[in-house]
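# Results of the structural survey
Here is what each chain is made of, one letter per residue.
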Amino acid sequence: MALLKISEPGGKPAAPAHRLAVGIDLGTTNSLVAARCGRGVEILPDSAGKHLLPSVVQYFKGKPPLVGAEAKLASLGNPANTIVSVKRLLGKSAAEIRASDRFGKYQLDASRDENAPAILTVAGTKDPVEVSADILRVLVKRAEECMRGELEGAVITVPAYFNDAQRQQTRDAARLAGLNVLRLLNEPTAAAVAYGLESKDQGNVIVFDLGGGTFDVSLLSLQKGVFEVLATGGDTSLGGDDFDYLLADWIASQAMPEKTLDARSHGELLHYANEVIHRLSEGEAVTLDSGNWTVSLDTPQFAELAKDLIARTINICRRVLRDAALPVAAIDNIILVGGATRMPVIRDAVADFFGKPPLTDIDPDRVVAIGAGIQADVLIGNKSADNFLLLDVNPLSLGIETMGELVEKIIPRNTTIPVSRAQEFTTFKDGQSAMILHVVQGERELVSDCRSLARFELRGIPPMVAGAAKIRVTFQVDADGLLSVNAEELSTGKSSEIQVKPSFGLDAGSIEQMLKASHEHAHNDMELRALKEAQLEATQLIDAIEAAKQVDSDLLDAADSARIATAMDELKLAMEKSGSNRIHELVEKLNRVSSDFAARRMDLRIGEALRGVSIDNVRHAGEATEQSTE
Amino acid sequence: MQQITKNFFRLFAITESFEVDLELLAEKYRELQVETHPDRFAAGSEQEKLHAVQLSSYLNEAYDTLRLPLKRAAYLLSLHDLDVKQVNQGELGMDLLMEQMQLREALEELPEDESALTELASLKWDVQEKLERRQQNFASYLDNGEFVAAKKLFHEMQFLNKLLKEIESGEEQRLGY
């Protein structure tokens, strides 16, 4: 399947089977799935015709969880077993969850690590990753029923301001739900795609995305099909929910100052506050009435009440403009995303600040999923990409802890990804064989003010006198915004072994276990599915190589050709007779023996300019520049 | 072993000089990125994905180096075998150090609240102007092959740039970003 992606100038257009790929907006309040149906990308409905799936999961003893509207209805009556806004729990510590869970709605599993919290329910301990996976499963099922086929890949959106742990956990949730993640796509970027592809606009666009629980602002420059994010900013704990909380608190303090609310009546009050905000958005003044207390609320009064929250959003816009070094006047369009941007108080504030009315043609609840659906269609290879490309940035600076608990920045915020930067370290003791790198994310100078990402332990440094070892550590952020680290001792060329201990959430081992457990749970189903997937993968790879051989047979010498033919025969045999594991092994093998061929083909297509830049040089490029910046 | 990295200017097919047409550079960058970005290989094999991530990172690094004046200056010096990490005593003149100290003191004496913003803006303007003047001189030294003089100027630019960053972060603190 690999080689298929390379376009063949003048070659016969492959007769591609339409491959099923979806875009998923895994939202705090609602989740959606979108895919190409016929000509356009649409939101896929459930069997009752509903598009929005409330991101609420209710757990039961001995039966599968309920996800969506029904679970939402149950959230008042059975709060402890009904998990709402799980997105807010991703990448958080137990203390942070407790702090945001004012009424102790959730009981956390005390046996779990402080930084990998999970909630106790009647169905057992539920990690936020598992809860997210339960939501994703419902969307996958919906898509497969709608499109009558198996999904081959998905683009999942995340807030642009999500940190590494939150991204990693989103990815893990998708894996747990059995999804092949084509890309994690930043929500504002997805929204820009939904708008931009239609209009072929050039210019600078601000995406103002106020979701249920997160706030993002991105500034993009659109040029000939390339969407380049210039700067992004946000707050992962600011959202439409906060306006509900604010109003609920205000009502409580005005109407029943002497009463202490319990979780249930607070839940009801929140619900009420949310309704009031909805009605305000429709332009009515609302009369609040609770027996002996009556007051009329209109939009200007609500704006006054919410002025601090609104100011926070505008302040972030200001900072994004500053980061991109652009004046307000340079902004051509403003796109509003997220249900909370329906509030007139937000629309007015945005229009005021940017001096022009924002675009609202596409439903702000759906625009992210639609953009993700478009991107999924492109990435899976259905739609010719032409010059269409998204260039995104890392939202937060990445750094490492140095002496005195200070942070040394390695990759500053708003650096275009993928990016790779290298840094050299040395030992400070004779014979030192190990070293710990503490990687943090954030803008502040002190380690304690930044978000801890992970500790990387390098082992196997060859014994030398202090200061003699030169260890080059390369930090790589991929196109999903995920960090990986590798290290090499320069004088011996030995790569050091790295053990990663993520600061939040589960380590890779626990995730594997979770995956295994979920597979065993539905063992037969899974094996059948795995077999079908493996067979599909094998077919695609074989087809791709055969097509590639027809076009570029001159790039293949006799020895390579023979090796590929053998591996291919083995694989064909296994596809008929063997299980999924064996097929996977042989797919790997075929990939391996054809990798030189693939690289040569890629080099050929990749254009004159880059030809001959070997991977080795690529790996060292970061260092070359690193030296020159100090 | 010496690593040979492809000349960034040749990579983007632009003239090797401190004066860079940023729009042209951006256009060339986008053209290359369209071909190499990992999104082009999202459904590809692991090897292809890895290759694409590395090539695309390399392009980003090259673009950043040529786009940002200070990085570009350091890179140009490195092409003439001058390592900006090696600083000789004589390269940092007394007058520069004095000027630095004065500017830094002015920065430190400012009040901690928003009332300092006007003063910060004027300080920033001042430093930017000094920086621009040196950048112009840097370009002509380089064109005339006076690399040692250019390197001395680079270190001055480096100082001013650092100061500029400090002023900006001072602004950001006071603006509550």
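Residues numbered from 1 in each chain as written. Chains lettered and ligands numbered in written order. Predicted model: local features only at pLDDT ≥ 70, side-chain atom pairs only at ≥ 80, totals over all residues. Heavy atoms only, no water.

## Points about the pattern of salt bridges
- Taken as a whole and assessed by the stated rule, the structure comprises 41 salt bridges over all chains.
- The partner of Asp127(A) in a salt bridge is Arg112(A), and the shortest N-O contact between them spans 2.5 Å. Of this pair, Asp127(A) sits in the loop between strand S10 (124-126) and helix H3 (128-147) while Arg112(A) sits in the loop between strand S8 (107-108) and strand S9 (119-121); the two residues are 15 residues apart in sequence, bridging distant segments of the chain.
- The class of Asp127(A) is buried, set by a relative accessible area of 3%.
- Its relative accessible area of 23% is what places Arg112(A) among the partly exposed residues.
- Among the ionic pairs, Arg30(B) bridges to Glu228(A), the shortest N-O distance being 3.8 Å. Note that Arg30(B) is positioned in helix H2 (residues 22-36) and Glu228(A) in strand S15 (residues 226-235), a pairing that runs across two chains.
- When salt bridges that share partners are traced, they join Arg319(A), Asp323(A), Lys409(A), Arg413(A) and Glu443(A) into one network. (Salt bridge = Lys/Arg side-chain N within 4 Å of Asp/Glu carboxyl O. Helix = DSSP H or I, 4+ residues; strand = E, 2+ residues; numbered from the N terminus. Buried < 20%, exposed > 50% of the residue type's maximum accessible area, 1.4 Å probe, protein only.)

## Quick look at the confidence of the model for chain B
Residues and elements named next belong to chain B.
- When pLDDT is averaged along chain B, the result is 88; 97% of the residues meet or exceed 70.
- Of all secondary-structure elements in chain B, the lowest mean pLDDT belongs to helix H5 (residues 94-108), at 83, while helix H4 (residues 69-79) reaches the highest, 95.
- Scored by ipTM, the complex comes to 0.89, with pTM at 0.83. (pLDDT = per-residue confidence, 0-100.)

## Focus: empty space enclosed by the protein
Residue and element names in this part refer to chain A.
- Counted under the stated rule, the structure contains seven cavities of 30 Å³ or more.
- Approximately 110 Å³ is the volume attributed to the largest cavity.
- For the largest cavity, the lining is made up of 14 residues, of which Arg183, Leu184, Leu185, Asp392 and Ala479 are closest to its centre.
- Broken down by element, the residue count for the lining of the largest cavity peaks at four residues, all from strand S12 (residues 181-186).
- Each residue belonging to the lining of the largest cavity can be placed in one class, and the counts come to five nonpolar, four polar and five charged.
- Residue contributions to the lining of the largest cavity reach at least three from each of two domains, namely domain 1 (21-239 + 308-392) and domain 2 (394-520). (1 Å grid on protein atoms, 1.4 Å probe; cavity = no way out; pocket = protein on both sides within 12 Å on 5 of 7 lines; lining within 4 Å. Points joined across faces, edges and corners; volume = space filled by probe spheres on them. Nonpolar A, V, L, I, M, F, W, Y, C, P; charged D, E, K, R; others polar. Domains from an automatic or database assignment.)

## Concerning the sheet that holds S8(A)
- Pairing is antiparallel in the open sheet, where three strands are placed in the order S8-S9-S10 (chain A). Taken across any chain shown, the strands that pair with only one partner, and hence form the sheet edges, are S8 and S10 of chain A. (Pairing = 2+ DSSP bridges.)

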